[in-house]
Amino acid sequence: MQHRHPFKTYFTVTAIGTLLAITCLQAWADNAGKAKPLALRKIMQDMGKNMQVITDGISREDWELVAKIATLVADHPQPPLGEKMRILSVVGADASKFKGYDEKTHQAAQAVGQAATREDGQAVISAFAKLQNSCLACHQGFRKPFLEHFYDKR
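All figures in this text were calculated on a predicted structure; none of them were measured in a lab.

Colleague: How do you make sense of the overall build of the protein when you look at a structure like this?
Modeller: Helix and strand content of the protein: six helices and zero strands. Secondary structure elements of the protein occur, N-terminal to C-terminal, as α-α-α-α-α-α. Residue pairs in contact within the protein that sit at least 24 positions apart in sequence constitute 71% of those at least 6 positions apart.

So, in structure tokens, the structure goes:
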């Protein structure tokens, strides 16, 4: 096979490669300013929905539903390891406090589920109040720094 114009082929391949690189870099630059939501955000949204379902279940005395959903809150998914490391770098010296809120949330949600299994409405409401207080304390301590750091929202 003969190549009559090797320079023309080289130039064409180089030009196409350069255009592809510029296009990829432009797409990367466009996305660089957009914060990719953390897995933690979806976890928190799901937990918020589950808390609403628990509230509805309590009001209707649907203890089976309350017990089921309380388990989902107690055993909520964890962010991927890399994201956990990023989160812990933001909370810094308050890492044990942050983990403590998660543990309190876990324990309170378990207590909600156990009380619901016993159909003990008063105990469910008491445990649910502890759960809500744990969530609130964590949000008051960490929501603003997370939004500022991960989403540049002030």
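Now that the structure is up, let's keep going.
Colleague: Sorry, what's going on with the pattern of salt bridges here?
Modeller: Oppositely charged side chains can pair when the atoms bearing their charge come close. Inspection of the entire model under this criterion finds five salt bridges. Here the salt bridges share partners, and the residues they tie into one network are D56, R60 and D62.

Colleague: What exactly am I supposed to notice about the packing of helix α5 (residues 95–117) against helix α6 (residues 121–151) here?
Modeller: A pair of packed helices is captured by two measures, namely the crossing angle of their axes and the spacing between those axes. For the pair α5 and α6, the least separation of the axes is 8 Å and the interaxial angle reads 160°. If you check the angle between α5 and α6, you find them roughly antiparallel. Read as a crossing pair, α5 and α6 show a hand that is left-handed. From α5, K97, F98, Y101, K104, T105, A108, A109, A111, V112, A115 and A116 reach across to α6, where they touch A123, V124, A127, F128, K130, L131, S134, C135, A137, C138, F142 and F146. Counted by class, the contact of α5 with α6 contains 18 nonpolar, two polar and three charged residues.

Colleague: Looking at this structure, how should I read the packing of aromatic side chains?
Modeller: Centre-to-centre distance and the angle between the planes together describe a pair of aromatic rings. This structure, assessed with the given rule, holds five aromatic pairs. Here F98 and F142 contribute two aromatic rings whose centre-to-centre distance is 5.1 Å and whose plane-to-plane angle is 80°, an arrangement assigned as edge-to-face. Remark: F142 occurs in helix α6 and F98 occurs in helix α5; sequence separation between them is 44 residues. Considering the side-chain rings of Y101 and F142, the 6.2 Å spacing of their centres and the 75° angle between planes classify their relative orientation as edge-to-face. Pair noted here: Y101 is in helix α5 and F142 is in helix α6, with a separation of 41 residues, a long-range link. Here the aromatic cluster, defined as three or more aromatic residues joined through ring pairs, consists of F98, Y101, F142, F146 and F150. Positioned over the ring face of Y151 is R41, at 4.0 Å from the centre of the ring.

Colleague: Any chance you could explain the environment of W63 here in plain terms?
Modeller: Structurally, the position occupied by W63 is in helix α3 (residues 63–74). Sequence spacing of W63 and Q114 is 51 residues, and the spatial spacing of their C-alpha atoms is 9.9 Å.

Colleague: Please explain the nonpolar core as it appears in this structure.
Modeller: Soluble globular proteins: nonpolar side chains tend toward being buried together. In terms of nonpolar packing, the biggest core is built from 22 residues, with I54, V66, V112, V124 and L131 touching the most fellow members. Those elements that place two or more of their residues in this core are α2 (39–60), α3, α5 and α6. Discounting chain neighbours no more than four positions away, the residues touching L131 are M51, V73, T105, A108, A109 and V112. Among the nonpolar cores identified, the runner-up in size contains twelve residues, and V91, A95, F98 and F150 belong to it.

Each value, and the rule that gives it
- Residues numbered from 1 in each chain as written.
- Predicted model: local features only at pLDDT ≥ 70, side-chain atom pairs only at ≥ 80, totals over all residues.
- Heavy atoms only, no water.
- Helix = DSSP H or I, 4+ residues; strand = E, 2+ residues; numbered from the N terminus.
- Contact = heavy atoms within 4.5 Å.
- Salt bridge = Lys/Arg side-chain N within 4 Å of Asp/Glu carboxyl O.
- Axes fitted to C-alpha atoms, helices over the stretch in contact; angles between N-to-C directions.
- Parallel < 35°, antiparallel > 145°, perpendicular 65-115°, else oblique.
- Left-handed = near helix turned anticlockwise from the far one by under 90°.
- Nonpolar A, V, L, I, M, F, W, Y, C, P; charged D, E, K, R; others polar.
- Phe/Tyr/Trp six-rings, centres within 6.5 Å; stacked < 30°, edge-to-face > 60°.
- Lys NZ or Arg CZ within 6 Å of the ring centre and 35° of its normal.
- Core = buried A, V, L, I, M, F, W, Y, C linked by side-chain atoms within 4.5 Å.
- Buried < 20%, exposed > 50% of the residue type's maximum accessible area, 1.4 Å probe, protein only.

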